[in-house]
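# Structural description and commentary
Take a look at the letters that make up each chain.
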Amino acid sequence: MNDVLLLKERAQSLKVLYVEDEKEINEALSKYLSKFFSHVETALNGEEGLKKYKAGEFDIVLSDINMPKMNGIDMAKQIKEINPEQEIIIISAHSESEYFLNAIHLGISDYILKPIIYEQMNSVLYKVASALQLRKENKRFHESLHQLVKEQTQSLTENYEQTIKAMVDLVESRDTYTGGHSERVARYSKAIAQEMNLSKEECELIFRAGMLHDIGKVTTPDTILLKPGKLSAREFALIQNHVTISYELLSKIPMYTKISDIVITHHERYDGNGYPNGLKGDEIPLLGRIMIIADAFDAMTTNRIYKGRMSVDDAIAEIESSSGTQFDPKIVPFATQALSRIVLDQNITQLPQNSMENERFAYFFHDSVTDNYNQDYLDLYLQSIPHDSEYQACAFFLRNFSQYNNTYDWEAGNALLKNFADYLVKSYPNATLFRVQGDDFILISKEPFCDECTQPSFFENTGVLAECHHLCVGDDFMAQVRKLELRSIN
């Protein structure tokens, strides 16, 4: 988060309990948290933290995992028994993955990886503080709803659409792909319902359900929601929770009760292999079966990073091929008629559209060893540039690096890679550098590269040599790289 003032604005009225057994880290981080939160209380272990939690009221609990007397997971479990809605953020190292999975099962709000990157921590704190604010607003809204209905029926009707738009904007402002997705699903769903001659009330109901079907993504961690590549199995399992969260959020608001019953089914399948409840056939409400098709159609016709959009005809063919498995065969003919009239917006894409989104994408493609880009970003980069003679590439393969790594250990090896990456950046300041396959590097630039491959001075007495190859940027670029890698190894 670049603007810490926004975090301070959201957090200034909140109270925090911070639990960390390393005293120096405890003191440093609690001092930092005090810049944003009105009250920060600390504890040096889970037992002390639980005691302080029971004695006071805290909006957010931040806790390390490994601590004496009582670890952070056991403390979080007891806190959740006291208050299931308590916002808890776990601070975890990669080596604590088993504990981390246990924390996820407890329903923690988010996590921060060690060593702590303050920008990441600010982003997590802002998201949790925003969720707290949304929850408080929903609670106030729920408490006043009946009185509002009695006193301001007409005003409530006008505010209804404003409430929907505000809630949708809250989700879609976070994610390039999600932006516009809810409205498109709403329009596609309504078009199918109209094709089936459903009542005006049902058509309006499914439109409003489409607008809010992904509202639960407001609780999805940014590191998953904003990931531009394919999700891992664990990440996919986490993002699936948005369906249940959407239902829980909407079902608590009387005006959204009917909508919630549709929303919770939009990832079910006609054959029973969907989620969250594995409903089958007519067990899925009619409007839910319609939205399943609309949601899938939009996913198929929207550009994603690793998958280009389908045409309307190809998407309809895919829907017809999944009739009876993913989709209700009785609805598919109506859906194909309605969707065949759709004119796609050619600007719908998950690709970054401005400098801020470019920076966000780069964050996910960061190479932690060299501070440059990794191979995943190279794949994206190759998709985004025209394959013509304007772009040139130069590949560097480090020979004997494995032997050096085995002799001097991986820390020395990483240091050598970092030095070589810095050397390339300094030597070719107008090129974009990517680290691939561990010890290989690729530079891409519009400017020509020199033919001579000079060896950096710090390679002396290491046995490591840089082998340089000039390549053409084209459809077979990565095949060229692999071929040269094999030749270099042999």
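See the structure printed just above.
This section reports on the structure supplied with the text.

What counts and how
Residues numbered from 1 in each chain as written. Predicted model: local features only at pLDDT ≥ 70, side-chain atom pairs only at ≥ 80, totals over all residues. Heavy atoms only, no water. Helix = DSSP H or I, 4+ residues; strand = E, 2+ residues; numbered from the N terminus. Salt bridge = Lys/Arg side-chain N within 4 Å of Asp/Glu carboxyl O. Buried < 20%, exposed > 50% of the residue type's maximum accessible area, 1.4 Å probe, protein only. Axes fitted to C-alpha atoms, helices over the stretch in contact; angles between N-to-C directions. Parallel < 35°, antiparallel > 145°, perpendicular 65-115°, else oblique. Left-handed = near helix turned anticlockwise from the far one by under 90°. Contact = heavy atoms within 4.5 Å. Nonpolar A, V, L, I, M, F, W, Y, C, P; charged D, E, K, R; others polar. Pairing = 2+ DSSP bridges.

With an omega of -5 degrees, the peptide bond running from Lys114 to Pro115 counts as cis. Along the chain, Pro115 turns up in the loop between strand E5 (110-113) and helix H6 (118-151). The step from Tyr275 to Pro276 runs through a cis peptide bond, and the omega angle for that step is 10 degrees. Within the secondary structure layout, Pro276 lies in the loop between helix H13 (257-263) and helix H14 (286-300). Phi is positive for Asp409, close to 80 degrees, though the residue is something other than glycine. As for its placement among the helices and strands, Asp409 is situated in the loop between helix H19 (401-408) and helix H20 (410-427).

In this structure the tally under the stated criterion is 17 salt bridges. Between Lys190 and Glu204 there is a salt bridge, and its shortest N-O distance comes to 2.8 Å. A residue pair is termed long-range when its members are at least 10 positions apart, and Lys190 in helix H8 (residues 181-195) and Glu204 in helix H9 (residues 200-212) qualify at 14 residues. When its relative accessible area of 25% is taken as the criterion, Glu204 is described as partly exposed.

Between two packed helices, both the angle of their axes relative to each other and the distance between the axes serve to describe the pair. Put simply, H8 and H14 touch, their axes get as near as 8 Å, and they point 130 degrees apart. Judged on the interaxial angle alone, H14 and H8 are oblique. Along this stretch, H8 crosses H14, giving a crossing that reads as right-handed. Facing His181, Arg184, Val185, Tyr188, Ser189, Ile192 and Ala193 of H8, the residues of H14 in contact are Ile290, Met291, Ile293, Ala294, Asp295, Phe297 and Asp298. Taken together, the residues of the contact of H8 with H14 break down into nine nonpolar, two polar and three charged.

Side-chain positions along a regular strand alternate between the two faces of the sheet. Here strand E6 (residues 392-399) lies mainly inside the structure; six of its eight residues are buried. The pairing of E6 with strand E8 (residues 440-445) spans six bridges and is antiparallel. Bridge assignment links Phe396 to a residue of E8, and that residue is Phe441.

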